[in-house]
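Secondary and tertiary structure notes
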Amino acid sequence: MVYRPPSEAYSLIIQVTIGCSHNKCRFCSMFKAKHFHIRTLEAITEDLKETRSYDRRVDRIFLADGDALCLANSKLMAIMDVINSLFPECERVGIYGSAKDILRKTPEELKQLVDAGITIVYVGAESGNDKVLEYVNKGVTRAQLIKAVRKAEDAGMAASVTFISGLGGTELWKEHAIDSATMISEMRPTYASWLTLMLDPQAPIVDDIREGRFVQISPMQVMEEMELMLENIRMQEDAKTVFRSNHASNYISLKGDLPRDTAAMLMQVREAKNNPSLLKPEFFRAL
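Notes on the structure in this doc start here. Remember, it's a predicted structure, so these values are computed and weren't measured experimentally. (Residues numbered from 1 in each chain as written. Predicted model: local features only at pLDDT ≥ 70, side-chain atom pairs only at ≥ 80, totals over all residues. Heavy atoms only, no water.)

**What about the packing of helix H6 (residues 142-154) against helix H7 (residues 169-187)?**
What counts is decided by this rule: Comment: axis = line fitted to C-alpha atoms, over the contacting stretch for helices; angle = value between 0 and 180 degrees taken between N-to-C directions. Elements are defined by DSSP. Helices are runs of H or I of four residues or more, strands are runs of E of two residues or more, and each kind is numbered from the N terminus. If an angle is under 35 degrees, it is roughly parallel; if it is over 145, roughly antiparallel; if it lies from 65 to 115, roughly perpendicular; otherwise it is oblique. Here is the rule for handedness: rotate from the far helix to the near one, and if that takes an anticlockwise turn smaller than a right angle the crossing is left-handed, while a clockwise turn gives right-handed. Throughout, a contact is declared for two residues whenever any of their heavy atoms are within 4.5 Å. Each residue is assigned to one class: nonpolar for Ala, Val, Leu, Ile, Met, Phe, Trp, Tyr, Cys and Pro, charged for Asp, Glu, Lys and Arg, and polar for all the others, Gly among them.
Direction vectors running N to C along H6 and H7 enclose 30°, while the axes themselves pass 9 Å from each other. With respect to H7, the axis of H6 lies roughly parallel. By crossing handedness, the relation of H6 to H7 is classed as right-handed. Taking contact as the criterion, the partners of Arg142, Leu145, Ile146, Val149 and Arg150 in H6 are, on H7, Asp179, Thr182, Met183, Glu186 and Met187. Of the residues belonging to the contact of H6 with H7, the class tally is five nonpolar, one polar and four charged.

Here it is in structure tokens:
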């Protein structure tokens, strides 16, 4: 199974790693069946050459799996040399990366990757609250996430950061909402997306739900959480973060720029709170 961000739906997906080097998040089951390892440059090159043999144009390429940015720059640059040679028309290369991946690299190394064509990194922040991050075993702190995103952005690499509504459960939903809003405000990422918690039965957190250690919030509480999050966005008027909450998991679809469209999106959330029929039915939601 190969996973990619929604915005990479039409990209050529090349696996440079298999699995996720962390692979301990309690809410995630995506890579649990995979043993993390790095593919050889020869195998990656073979995939790229095969694609070039039948695909006349490739505008975008995505380097999978879970946190391919963990590779040393020497390996990533060797991969980019092959991509740039075989696909001179390619406009953008994207990659998954953890905060630790970014923090391990120097600003010069990040700039080297940007100059080679890796211009967007997808970072799963999930929450801005340290208690939630610790509970889901994210392996990083709020401060590390903010520092990593600013480091990538300062090097010219756009950061697309995801958050998960409902991840604080009934106990920490307010803290999760407020601290995620202030994190977005401090990070100022190019893109921020707000997904809604949906769980595969294999996700470790499912055991906590069964045994009562984690209580999921209701769809209407998801709306309250989203409202509280948007109410606590504090960004300068000249800032711009493209915000999306239109994933298949979401109950309503929001699209706008922060902070410009915050009020309009808040109005849409409040309308849904007052009219539950506007929420997407459960059978239409998907991971």
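**Thoughts on the sheet that holds strand S8 (residues 191-196)**
This is how it is decided: The pairing criterion is simple: DSSP has to find at least two bridges between the two strands.
Judged by pairing direction, the sheet is mixed, and its eight strands sit side by side in the order S1-S4-S5-S6-S7-S8-S9-S10 without closing on themselves. Each of the sheet's edge strands pairs with one partner strand only, and the pair in question is strand S1 (12-15) and strand S10 (254-258). With direction set aside, neighbouring strand axes in the sheet form an average angle of 20°. In this structure, strand S4 (residues 60-64) lies alongside strand S5 (residues 92-96), joined through four bridges in parallel fashion. Bridged to isoleucine 61 within S5 is valine 93.

**What to know about the pattern of salt bridges**
Here is the rule we go by: In what follows, salt bridge is the name for a side-chain nitrogen of Lys or Arg lying within 4 Å of a carboxyl oxygen of Asp or Glu. Note on exposure labels: buried denotes an accessible area under 20% of the residue type's maximum, exposed denotes more than 50%, and partly exposed covers the range between, all computed with a 1.4 Å probe on protein chains only.
In this structure the tally under the stated criterion is 21 salt bridges. The salt bridge partner of glutamate 186 is arginine 142, with a shortest N-O separation of 2.9 Å. On the criterion of sequence distance, the pair formed by glutamate 186 in helix H7 and arginine 142 in helix H6 is long-range, its members being 44 residues apart. Overall, glutamate 186 belongs to the partly exposed group, its relative accessible area being 40%. Of the residues examined, arginine 142 reaches a relative accessible area of 15% and is grouped as buried. In this structure, arginine 210 and aspartate 207 form a salt bridge, with 2.7 Å as the shortest nitrogen-oxygen distance. With arginine 210 and aspartate 207 both in helix H8 (residues 205-210), this residue pair falls three residues apart, about one helical turn. Judged by its relative accessible area of 39%, aspartate 207 is partly exposed. Taken together, the shared-partner salt bridges connect Arg26, Asp208, Glu211 and Arg213 into one network.

**Examining the nonpolar core**
Short version of the rule: Nonpolar cores are built from buried Ala, Val, Leu, Ile, Met, Phe, Trp, Tyr and Cys residues. Side-chain atoms within 4.5 Å join them into one set.
Core analysis: the largest hydrophobic core is formed by 71 residues, its most contacted members being Ile61, Leu63, Val121, Leu145, Met187 and Leu230. Excluding residues within four positions of it along the chain, leucine 230 makes contact with Leu254, Leu258, Thr262, Met265, Leu266 and Val269. In terms of nonpolar packing, the next biggest core, distinct from the first, is built from 13 residues, Cys28, Val132, Ala203 and Phe214 among them.

**Here's the deal with the state of the cysteines**
Formally, a disulfide is one covalent bond, and it connects the sulfur atom of one cysteine to the sulfur atom of another. Test applied: Pairs of cysteine sulfur atoms within 2.5 Å are what we label disulfides.
A complete count under the given rule lists zero disulfides for this structure. Not part of a disulfide, cysteine 70 finds its nearest cysteine sulfur in cysteine 20, a span of 8.3 Å. Taking the relative accessible area as the measure of exposure, cysteine 70 reaches 24% and is therefore partly exposed.

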